[in-house]
Amino acid sequence: MYFSKYYTLILVCILSIFHLSGQEDKTRLRKEVEKIIKYDTKLDYTLTPAFILMVIDGEYQEAMVFSNGVMSANDNVLNDQSIFELGSISKTISIEILKGLKKDGLLSEEDYVNNVLPENYINSRLKDFRIEDILSLNSPLPNVIKGMGFYESDASNPYEHLKKDDLLKIYKSYIPENKGANVSYSDIDFAILEIAMEHVSGLSFD
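All values derive from a computational prediction rather than experimental measurement. (Residues numbered from 1 in each chain as written. Predicted model: local features only at pLDDT ≥ 70, side-chain atom pairs only at ≥ 80, totals over all residues. Heavy atoms only, no water.)

J.: How should I be thinking about helix 2 (residues 89-103) in this particular structure?
T.: Along an α-helix, residues three or four apart share an orientation, since each turn contains 3.6 residues. An ideal rise of 1.5 Å per residue puts 21 Å on 15 residues; helix 2 measures up with 22 Å between its terminal C-alpha atoms. Every buried residue belonging to helix 2 is among K91, S94, L98 and L101, and all of these are buried. Seen from one end, helix 2 has its buried residues packed into an arc of 75 degrees, which puts them on one side. Away from its buried face, by an angle of more than 90 degrees, helix 2 presents the exposed residues K99 and K103. Lining the buried residues of helix 2 we find helix 3 (131-135) and helix 5 (187-201). Note on helix 2: the residue one or two positions beyond its end, G105, has a positive phi of about 75 degrees. (Helix = DSSP H or I, 4+ residues; strand = E, 2+ residues; numbered from the N terminus. Expected span 1.5 Å × (residues − 1). Buried < 20%, exposed > 50% of the residue type's maximum accessible area, 1.4 Å probe, protein only. Arc of directions from axis to C-beta. Contact = heavy atoms within 4.5 Å.)

Right, dumping it as structure tokens:
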């Protein structure tokens, strides 16, 4: 009986140490993230009074809330359960559609882009360009196409009047500016993916 109580006490102490160690790791991680935000970003708290940053490392996940103390005029409180409107949702939908097409054996991230576009728009200079490059944001395509001003009428929506045929013609004639990939989160890449999905499925993106 005495041994059992002693054993239980040791177990409680060990668990407490692990809990404290975990708390210290979280505190240390938060401090590191705060340093990155302070010195490596140009975040203006007057324009972004609060935000949530999700840290994922293997199986470890933690949502960190950063705030200057004022969320909004009506004092809404930001926490790790807050719900946000999702921006750039077409990219998220595109990936879900791609997963369905992969399941049906129509399209895969391993496919070369040239192989899943209409034949008359193939660009031999982009022969190594894969769907995977679009998803990993390592594309040879530029963030902004030269001459986009010819299609723009609204700077906040520069692709509004860019037709698919025009985009494919630009793709076909594009000469990569460098040999490496262009790390970007480009609308152009996902527009090309949309056309590829339509081509292999025979369905419209809508």
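J.: Would you explain the nonpolar core in this entry?
T.: Nonpolar side chains in soluble globular proteins generally cluster together in the buried interior. Core analysis: the biggest nonpolar cluster contains 25 residues, and V113, L117, L141 and Y171 have the highest contact counts within it. Elements with a contribution of two residues or more to this core: helix 2, helix 3, helix 4 (164-173) and helix 5. Sort the elements by how many residues they give to this core and helix 5 lands first, with seven residues. (Core = buried A, V, L, I, M, F, W, Y, C linked by side-chain atoms within 4.5 Å.)

J.: For this particular structure, what's the right way to read the pattern of salt bridges?
T.: Side chains bearing opposite charge may pair, as long as their charged atoms lie close to each other. One pass over the structure, following the stated rule, counts nine salt bridges. Residue K164 pairs with E194 through a salt bridge whose shortest N-O separation is 3.4 Å. Of this pair, K164 sits in helix 4 while E194 sits in helix 5; the two residues are 30 residues apart in sequence, bridging distant segments of the chain. Judged by its relative accessible area of 21%, E194 falls in the partly exposed class. The residue K164 makes a salt bridge to E198 at a minimum N-O spacing of 2.8 Å. One end of the pair, K164, is in helix 4; the other, E198, is in helix 5, with 34 residues separating them in the sequence. What makes K164 partly exposed here is its relative accessible area of 38%. Taking relative accessible area as the criterion, E198 reaches 16% and is therefore assigned buried. Taken together, the shared-partner salt bridges connect K164, E194 and E198 into one network. (Salt bridge = Lys/Arg side-chain N within 4 Å of Asp/Glu carboxyl O.)

J.: Honestly, the pairing of strand 1 (residues 50-57) in this entry has me stumped. Any pointers?
T.: When a strand is regular, its side chains alternate between the sheet's two faces. Two elements, strand 1 and strand 2 (residues 60-67), share eight bridges in a ladder whose sense is antiparallel. Counted as the bridge partner of D57 is Y60 from strand 2. As consecutive antiparallel partners, strand 1 and strand 2 are separated by two residues, and within that stretch G58 has a phi angle of approximately 65 degrees, a positive value. (Pairing = 2+ DSSP bridges.)

J.: How should the packing of helix 4 against helix 5 be read in this particular structure?
T.: How two helices sit against one another is set out by the angle between their axes and by the gap between those axes. Across the interface, helix 4 lies against helix 5 with an axial gap of 11 Å and an inter-helix angle of 110 degrees. The angle between the axes of helix 4 and helix 5 places the two elements in the roughly perpendicular class. Contacts between helix 4 and helix 5 involve K164, L167, L168 and Y171 from the former and I188, A191, I192, E194, I195 and E198 from the latter. Among the residues making up the contact of helix 4 with helix 5, the classes are represented as seven nonpolar, no polar and three charged. (Axes fitted to C-alpha atoms, helices over the stretch in contact; angles between N-to-C directions. Parallel < 35°, antiparallel > 145°, perpendicular 65-115°, else oblique. Nonpolar A, V, L, I, M, F, W, Y, C, P; charged D, E, K, R; others polar.)

J.: What's the story with unusual backbone geometry in this structure? I'm lost.
T.: Residues apart from glycine generally show negative phi values, whereas peptide bonds are mostly found in trans. Its identity is not glycine, yet L137 carries a phi of approximately 60 degrees, on the positive side. Inspection of the secondary structure assignment puts L137 in the loop between helix 3 and strand 3 (138-139). Classification of L137 by relative accessible area gives partly exposed; the value is 29%.

It is worth stressing that arrangement in space is one thing and function is another; only the former is reported here.
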